[in-house]
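# Architecture and fold: a report
The lines below spell out each chain.
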Amino acid sequence: MPQGPPADGGTSRSRRSFLRTGSTSVTAAALLTTGAVVSLSGTSATAAAPVSTVAADRRAGRPVALTPACDGHETPAAMEGPLFKPESPPRTDLRTPGVRGVPLDLTGVVYDTGCVPVPGALVEFWQCDQNGDYDVSGFSLRGHQYTTTRGAFTLRTIVPRDYAGRWGVRAPHIHTQVQAPGGPVLITQLYFPDHTQAYGRDFAALNAGDRLINRACTIALAGPDGGRYAGAFDFVIATTAPTP
Ligand SMILES: [Fe+2]
């Protein structure tokens with residue numbers, strides 16, 4: 001049986017079964033983060049907080065606004081890719097020693113399709129570093145956490161770099177898995193706005209050239225402020241497996 005987060009908020013032997021229980025959530029509905037309107041498989045959704053609003057909040061010293069209010073559409077899924085590693089450590093800060101790069105603080109809320117925050121949801125992140133390399137021998141830039149009683153998560157990491165791989169040149173992205181207790185796993189990837197500045201790379205060109213990108217999964221980004229970005233992304237997930 002799936003189990004919720006351990007009392008200490010850390011990992012446990014139950015985590016793997018927690019992560020892998022239930023079928024993978026694959027839907028075509030969109031949660032938007034950039035103010036655009038996207039239609040996927042005939043389903044459309046509209047964002048409520050354009051990036052400019054987020055940036056204004058940041059400049060004014062206000063907390064960065066979260067991504068659009070939940071509209072009940074599930075966050076679109078994406079391929080897991082070959083570099084996921086199970087049993088990542090529990091941590092909210094992926095900037096382990098040796099990890100350099102443009103700092104990114106990412107916050108968000110996990111909602112169910114009724115737009116109710118999901119406490120105790122597992123949120124797993126893995127990504128490449130400032131050179132476009134994944135740590136396949138250890139757990140650098142890999143980790144998982146559980147959402148708070150308000151469904152919130154906070155991640156301290158870096159902006160990843162683009163890399164060339166099996167699917168051509170990949171725009172910078174963060175791999176993510178999200179799962180409510182007992183629910184199906186959402187596997188997706190988060191992207192960066194065209195205006196992102198990091199590593200001297202042209203994010204607009206990289207995004208345009210990535211054939212796997214889903215702009216509906218673009219992080220709302222503010223900054224850089226003092227050399228660091230603040231990002232926001234809310235997930236909307238199914239909490240029960242679809243009926244066969
Ligand atoms: Fe990747």
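Residues numbered from 1 in each chain as written. Predicted model: local features only at pLDDT ≥ 70, side-chain atom pairs only at ≥ 80, totals over all residues. Heavy atoms only, no water.

### Some remarks on the coordination of the iron ion
We apply this condition: Distances define the donors: N, O and S atoms within 2.8 Å of the metal qualify, as do those within 3.2 Å of Na, K or Ca. Water is excluded, so some sites may look unfinished. For four-coordinate sites, all angles between 85 and 135 degrees define a tetrahedron; for four- and six-coordinate sites, opposite donors beyond 155 degrees with the remaining angles between 65 and 115 define square planar and octahedral shapes respectively, and all other cases count as irregular. Only runs of H or I of at least four residues qualify as helices and only runs of E of at least two qualify as strands under DSSP, and these elements are numbered from the N terminus. Relative accessible area decides the class of each residue, using a 1.4 Å probe on protein chains only: under 20% of the type maximum gives buried, over 50% gives exposed, and in between gives partly exposed.
Tyr134 (OH), Tyr163 (OH), His173 (NE2) and His175 (NE2) make up the full set of protein donors to the iron ion, lying at 2.0 to 2.2 Å. One can describe the site at the iron ion as irregular: its four donor atoms subtend angles covering 91 to 154° at the metal. Read from N- to C-terminus, the donor residues coordinating the iron ion fall into the pattern Y-x28-Y-x9-H-x1-H. Of the two residues, Tyr163 sits in strand β8 (residues 163-165) while His175 sits in strand β10 (residues 173-179), which places them twelve residues apart along the sequence. Pair check on accessibility: Tyr163 and His175 agree, each one buried.

### As for unusual backbone geometry
Following Gly223, the chain continues into Pro224 via a peptide bond in cis, with omega recorded as 5°. By the element assignment, Pro224 lies in strand β12 (residues 220-225). Residues other than glycine seldom take positive phi values, yet Cys115 does so here, at roughly 65°. Considering the arrangement of structural elements, one finds Cys115 in the loop between β4 (103-112) and β5 (122-126). Relative accessible area serves as the criterion here: at 28%, Cys115 is assigned to the partly exposed category. Phi at Tyr199 takes a positive value of approximately 60°, unusual for a residue other than glycine. As for its position among the elements, Tyr199 is in the loop between β11 (185-191) and α3 (203-209).

### Regarding the nonpolar core
Threshold: Side-chain atoms within 4.5 Å link the members of a nonpolar core, which is a set of buried Ala, Val, Leu, Ile, Met, Phe, Trp, Tyr and Cys residues. Any two residues whose heavy atoms approach within 4.5 Å are treated as being in contact.
Counting residues in each nonpolar core, the largest one holds 34 residues, and the members touching the most others are Leu106, Val110, Phe125, Val159, Leu190, Phe192 and Phe235. Within the residue set of this core, elements represented by two or more residues are β4, β5, β7 (152-158), β10, β11, α3 and β14 (235-237). Non-local contacts of Val110, meaning those with residues more than four positions away in its chain, are made with Val116, Pro117, Val118, Ala121, Val123, Thr147, Gly151, Phe153, Val178, Phe235 and Ile237. By size, the runner-up hydrophobic cluster in this structure holds five residues, among which are Phe84, Trp126, Tyr134 and Tyr163.

### Comments concerning the state of the cysteines
As a reminder of what qualifies: In this description, the term disulfide denotes a pair of cysteine sulfurs within 2.5 Å.
A full pass over the atoms with the stated rule returns one disulfide. Two residues, Cys70 and Cys115, share a disulfide whose sulfurs are 2.3 Å apart. Across the disulfide from Cys70 to Cys115, rotation about the S-S bond amounts to roughly -75°, and the bridge is consequently left-handed. Taken together, the residues span a long stretch of sequence, with Cys70 in the loop between α2 (51-59) and β4 and Cys115 in the loop between β4 and β5 at a distance of 45 residues. Of the residues examined, Cys70 reaches a relative accessible area of 16% and is grouped as buried.

### Observations concerning the side chain of His173
Quick note on the threshold: Whenever a nitrogen or oxygen atom comes within 3.5 Å of another N or O atom, the pair is scored as a polar contact, on the condition that within protein one atom can donate a hydrogen and the other can accept it, and that pairs from neighbouring residues in sequence are kept only if both atoms are in side chains.
For His173, the location among the structural elements is in strand β10. Of note is the side chain of His173, whose polar atom sits 3.2 Å from the side chain of Tyr163. One polar contact links the side chain of His173 to the main-chain carbonyl oxygen of Ala171, over a distance of 2.7 Å. Filtering out sequence-adjacent residues up to four positions away, His173 remains in contact with Gln127, Tyr134, Pro160, Tyr163, Gln189, Leu190, Tyr191 and Phe192.

### Considerations on the packing of aromatic side chains
Formally: Ring geometry is summarised as follows: Phe, Tyr and Trp rings, the Trp one being its six-membered ring, pair when their centres sit within 6.5 Å, and such pairs are stacked at plane angles under 30 degrees, edge-to-face over 60 and tilted between the two. Two limits define a charge over a ring: the Lys NZ or Arg CZ must be within 6 Å of the ring centre, and within 35 degrees of the ring normal.
This structure, assessed with the given rule, holds six aromatic pairs. Geometrically, the ring pair formed by Phe153 and Phe235 is tilted, given 5.8 Å between the ring centres and 45° between the ring planes. Of this pair, Phe153 sits in strand β7 while Phe235 sits in strand β14, and the two are 82 residues apart along the sequence. The pair Phe153 / Phe235 is uniform in exposure class, with both members buried. Look at Phe192 and Phe203: their rings are 6.4 Å apart centre to centre, the planes differ by 80°, and that puts the pair in the edge-to-face class. Pair noted here: Phe192 is in the loop between β11 and α3 and Phe203 is in helix α3, with a separation of eleven residues, a long-range link. Pair check on accessibility: Phe192 and Phe203 agree, each one buried. The rings of Phe125, Phe153, Phe233 and Phe235 are connected pair by pair, giving a single aromatic cluster. When the ring centre of Phe139 is taken as reference, the NZ or CZ atom of Lys85 above it lies at 4.2 Å.

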